Amino acid sequence: MPQCSCSHQNTESLSAPDKTQMIQVGANGLSGAKGVSGANGANGHSTHPSEAQRRNPYAPRASDFLSNISNFSIIESTLREGEQFANAFFDTKTKIAIAKALDAFGVEYIELTSPAASEQSRSDCEAICKLGLKAKILTHIRCHMDDARIAVETGVDGVDVVIGTSSFLREFSHGKDMTYITKTAIEVITFVKSKGIEVRFSSEDSFRSDLVDLLSIYQTVDKIGVNRVGIADTVGCANPRQVYDLVRTLRGVVGCDIEIHLHNDTGMAIANAYCALEAGATHIDTSVLGIGERVGITPLGGLVACLYAANPEYVKAKYNLPMLREIENLVAEAVEVNVPFMNPITGYCAFTHKAGIHAKAILNNPSTYEILKPEDFGLTRYVSIGHRLTGWNAVKSRVEQLGLNLTDDEVKDATAKIKELADVRTQSMDDVDSLLRVYHSGIQSGELAVGQKEALDRLLQQHREASRERQQTEAVVAAA
Ligand SMILES: CC(=O)SCCNC(=O)CCNC(=O)[C@H](O)C(C)(C)COP(=O)(O)OP(=O)(O)OC[C@H]1O[C@@H](n2cnc3c(N)ncnc32)[C@H](O)[C@@H]1OP(=O)(O)O
Ligand SMILES: O=C(O)CCC(=O)C(=O)O
Ligand SMILES: [Zn+2]
């Protein structure tokens, strides 16, 4: 990787931060670092609920009686909505690998493309049903008896039925009015139920549909025993308040479960999913990396990050969190994209701390600047030091890791030199270590004292020349 600070968005290295410029920090911060208070858990992150509330004042409270933040299911739609991502082509082997990985991660449902889409889609659906996964397998169809007849023959555990209810879709997509939609919905739902499998009814483009039409059709299908109703923000136009209001209103109208499907066109998909759960939704649609039509839907990883922040113990018990990175890499490779640099949890530098003020606090207690614990996701925390924003506390931690013996004034002096060099170019971890070793041996030998800038420059120059000579000798020996 080119010489660049870890937080530069270097397009050549988005998936692999240069950890040679950083120090690894354990869950306790650095060994020997000062703990902050006895109220903290043994790992430096607090475990006591009131402490959790203090860390995150937005964590759910007992008064949130409608909230399902700690009681929800994921309907993972990478193999349905995700297949609608412009770059996606999943062959059978890839679909099976993704389905198995999602199952091992622990999602409750896996949604597959309609078997009416193509012969291969139908046979892949059958093949995934035969895998015997723990997750329930769903397929997603139009509100039409032809699709329903094909779907129930595949061996799925449930069928997700959808039809547009907004005036846009009623006029320009299927051309049907609410009377026809209601009649067909009743027919399809009754048929799927007669086969003894789950059925969900969803209104496409719910947020641009008439509220009376919506509530009326949801009430009708609830009465005939649909398992779930779905709300869909098909164009990604909804904001969290609108999501909260619609789900909460619907919660008062139907007794069945409520699913929500949220597109991310305005970047609201995770926040909207959170609000939907707070308002009483029970099922959230996701896809890995959020892939889907246009910019896609609520991403699995982002949703997990958000819900973990609210209730880490619930989310950890439910899902195999260290698998997240592997699943994202699997899907990223399948659809030929990089994992985005700002991805929650797995993004390049998601757990790398840079500025000196942050580094000091992180080294004392990681909870100061982290709401997610990297070790819960099988990941590692790093502190980057070879840059102009570094501070003496971060440098001291490296001095201690290297087993060098310097006073605080000496560390501050060495830090000033690192900053001077880093004003010209970012220093690698090797550069920082060499400087600290040269500084240390200068102090030990008496050739250097605090503030002797010229002496330090001379020692560094001698060190560089000696290294160059050593490399040349090694090259000659290797060539011989
Ligand atoms: C918002 C969403 O993501 S919804 C899910 C989208 N998923 C898919 O589209 C799955 C992949 N799709 C396909 O393979 C095809 O579109 C098929 C097999 C479903 C249909 O293909 P075709 O018969 O060639 O129709 P086409 O795709 O051109 O148009 C869709 C048809 O379904 C009708 N339709 C659209 N939505 C619905 C609906 N929710 N319920 C019932 N009928 C619908 C349209 O009126 C149109 O009917 P028409 O043939 O009378 O014009
Ligand atoms: O079936 C649903 O609830 C959602 C369908 C869909 O993908 C959408 O409306 O964006
Ligand atoms: Zn969608």
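What counts and how
Residues numbered from 1 in each chain as written. Chains lettered and ligands numbered in written order. Predicted model: local features only at pLDDT ≥ 70, side-chain atom pairs only at ≥ 80, totals over all residues. Heavy atoms only, no water. Helix = DSSP H or I, 4+ residues; strand = E, 2+ residues; numbered from the N terminus. Expected span 1.5 Å × (residues − 1). Buried < 20%, exposed > 50% of the residue type's maximum accessible area, 1.4 Å probe, protein only. Contact = heavy atoms within 4.5 Å. Near = heavy atom within 4 Å. Polar contact = N/O pair within 3.5 Å; in protein donor to acceptor, adjacent residues only side chain to side chain. Areas by Shrake-Rupley, 256 points an atom, 1.4 Å probe, with all protein chains shown as cover. Nonpolar A, V, L, I, M, F, W, Y, C, P; charged D, E, K, R; others polar. Domains from an automatic or database assignment. Buried area = accessible area lost by both parts, 1.4 Å probe. Salt bridge = Lys/Arg side-chain N within 4 Å of Asp/Glu carboxyl O. Pairing = 2+ DSSP bridges. Axes fitted to C-alpha atoms, helices over the stretch in contact; angles between N-to-C directions. Parallel < 35°, antiparallel > 145°, perpendicular 65-115°, else oblique. Phe/Tyr/Trp six-rings, centres within 6.5 Å; stacked < 30°, edge-to-face > 60°. Lys NZ or Arg CZ within 6 Å of the ring centre and 35° of its normal.

## Brief notes about helix α15 (residues 408-422)
Working step 1: Here α15 spans 21 Å end to end across 15 residues, near enough to the 21 Å set by a 1.5 Å rise per residue.
Working step 2: When we look at burial in α15, the residues that qualify are E410, V411, D413, A414, T415, K417, I418 and A422.
Working step 3: Contacts from the buried residues of α15 go to α14 (392-401), α16 (429-445) and α17 (453-479).

## What to know about the site of ligand 1
Working step 1: Lining the immediate surroundings of ligand 1 are 13 residues, of which Q84, R142, C143, V162 and H174 lie closest.
Working step 2: Residue R80 places a side-chain N or O atom 3.4 Å away from an oxygen atom belonging to ligand 1.
Working step 3: Between ligand 1 and S173, the relevant distance is 3.3 Å, taken from an oxygen atom to a main-chain nitrogen or oxygen of the residue.
Working step 4: In isolation ligand 1 exposes 1000 Å². Once the protein is present, 51% of that is buried.
Working step 5: Breaking the shell around ligand 1 down by element, the ones donating at least two residues are β4 (136-142) and β5 (158-164).

## Observations concerning the environment of V162
Working step 1: Tracing the backbone shows V162 in strand β5.
Working step 2: Under the relative-accessibility criterion, V162 is labelled buried at 15%.
Working step 3: In the structure, V162 is positioned 18 residues away from H144 in sequence and 9.1 Å away in space, judged by C-alpha atoms.
Working step 4: V162 has contacts with H140, I141, R142, C143, R200, S202 and E204, leaving out every residue within four places of it along the chain.

## Things to note about the site of ligand 2
Working step 1: Every residue near ligand 2 is listed here: R80, E81, H140, V162, R200, S202, E204, A232, T234, H261 and H263.
Working step 2: Here an oxygen atom of ligand 2 and a side-chain polar atom of H140 are 2.6 Å apart.
Working step 3: Separating an oxygen atom of ligand 2 from a side-chain N or O atom of T234 is a distance of 2.6 Å.
Working step 4: At 3 residues, strand β6 (residues 198-204) tops the list of elements feeding residues into the shell around ligand 2.
Working step 5: Its residues assigned to classes, the shell around ligand 2 comprises 2 nonpolar, 5 polar and 4 charged.

## Quick notes on the domain arrangement of the protein
Working step 1: Annotation of the protein at the domain level lists domain 1 (65-335) and domain 2 (352-479).
Working step 2: A straight line from the C-alpha centre of domain 1 to that of domain 2 covers 50 Å.
Working step 3: Facing the 8 residues of domain 1 at the interface are 7 residues of domain 2.
Working step 4: For the pairing of domain 1 and domain 2, the buried interface totals around 680 Å² over both sides, and the portion due to carbon and sulfur atoms is 67%.
Working step 5: If you look at where domain 1 meets domain 2, you find 1 salt bridge.
Working step 6: A salt bridge links K316 to D376; its shortest N-O distance comes to 3.6 Å.
Working step 7: On inspection of domain 1 and its partner domain 2, the count reaches 2 residue pairs in polar contact (both at pLDDT 80 or more).
Working step 8: Here the element with the most residues in the side of domain 1 that touches domain 2 is helix α10 (residues 300-310); it accounts for 4 residues.
Working step 9: The residue makeup of the side of domain 1 that touches domain 2, split by class, is 6 nonpolar, no polar and 2 charged.

## Here we look at the pattern of salt bridges
Working step 1: A full pass over the atoms with the stated rule returns 29 salt bridges.
Working step 2: D245 is the partner of R241 in a salt bridge, and the nearest nitrogen-oxygen pair spans 3.7 Å. Of the two residues, R241 and D245 are both situated in helix α8 (residues 240-251); the distance of 4 residues between them amounts to about one turn of the helix.
Working step 3: You can call D245 partly exposed: its relative accessible area is 38%.
Working step 4: Linked through salt bridges whose partners overlap, the residues forming this network are K136, D160, E198, R200, R228 and E259.

## Overview of the sheet that holds strand β8 (residues 257-262)
Working step 1: Taken in spatial order, the 8 strands close into a barrel running β2-β3-β4-β5-β6-β7-β8-β9, and their pairing is parallel. Taking each pair of neighbouring strands and ignoring which way they run, the sheet shows an average axis angle of 25°.
Working step 2: Taken together, the 7 bridges between β5 and β6 define a ladder with parallel strand orientation. Paired with V161 across the strands is F201, a residue of β6.
Working step 3: Running over the sheet, helix α9 (residues 269-278) touches β7 (228-233), β8 and β9 (283-286) and is turned about 170° from β8.

## Focus: unusual backbone geometry
Working step 1: Located in the positive-phi region is E336, a residue other than glycine, with phi close to 55°.
Working step 2: With respect to the secondary-structure elements, E336 resides in the loop between α12 (324-334) and β10 (352-353).
Working step 3: Taking relative accessible area as the criterion, E336 reaches 68% and is therefore assigned exposed.
Working step 4: Unusually for a residue other than glycine, C349 sits at a positive phi of about 75°.
Working step 5: Looking at where C349 falls in the secondary structure, it is placed in the loop between α12 and β10.

## Let's talk about the packing of helix α13 (residues 356-364) against α14
Between two packed helices, the angle of one axis relative to the other and the distance separating the axes together describe the packing.
Working step 1: Between α13 and α14, whose axes approach to 7 Å, the crossing angle comes to 50°. Viewed along their axes, α13 and α14 adopt a mutual orientation that is oblique. Packed against α13, whose contacting residues are A359, K360 and L363, the element α14 presents N393, A394 and S397 at the interface.
Working step 2: Grouping the amino acids of the contact of α13 with α14 by side-chain chemistry returns 3 nonpolar, 2 polar and 1 charged.

## A look at the packing of aromatic side chains
Working step 1: This model, assessed by the stated rule, comprises 4 aromatic pairs.
Working step 2: Judged by centre distance (5.6 Å) and plane angle (75°), the rings of F72 and Y314 are edge-to-face. Here F72 is found in the loop between α1 (49-55) and β2 (73-76), whereas its partner Y314 is found in helix α11 (residues 312-318), with 242 residues between them in sequence.
Working step 3: Owing to a relative accessible area of 3%, F72 belongs among the buried residues under this scheme.
Working step 4: Ring centres of F72 and Y319 lie 6.5 Å apart, and the angle between their planes is 35°; this geometry places the pair in the tilted category. Taken together, the residues span a long stretch of sequence, with F72 in the loop between α1 and β2 and Y319 in the loop between α11 and α12 at a distance of 247 residues.
Working step 5: For Y319, a relative accessible area of 4% corresponds to the buried category.
Working step 6: Each residue in the set F72, F105, Y314 and Y319 is aromatic and connected to the rest through ring pairs, giving one cluster.
Working step 7: Geometry around Y109 places R228 over its ring, the cationic atom sitting 5.1 Å from the centre.

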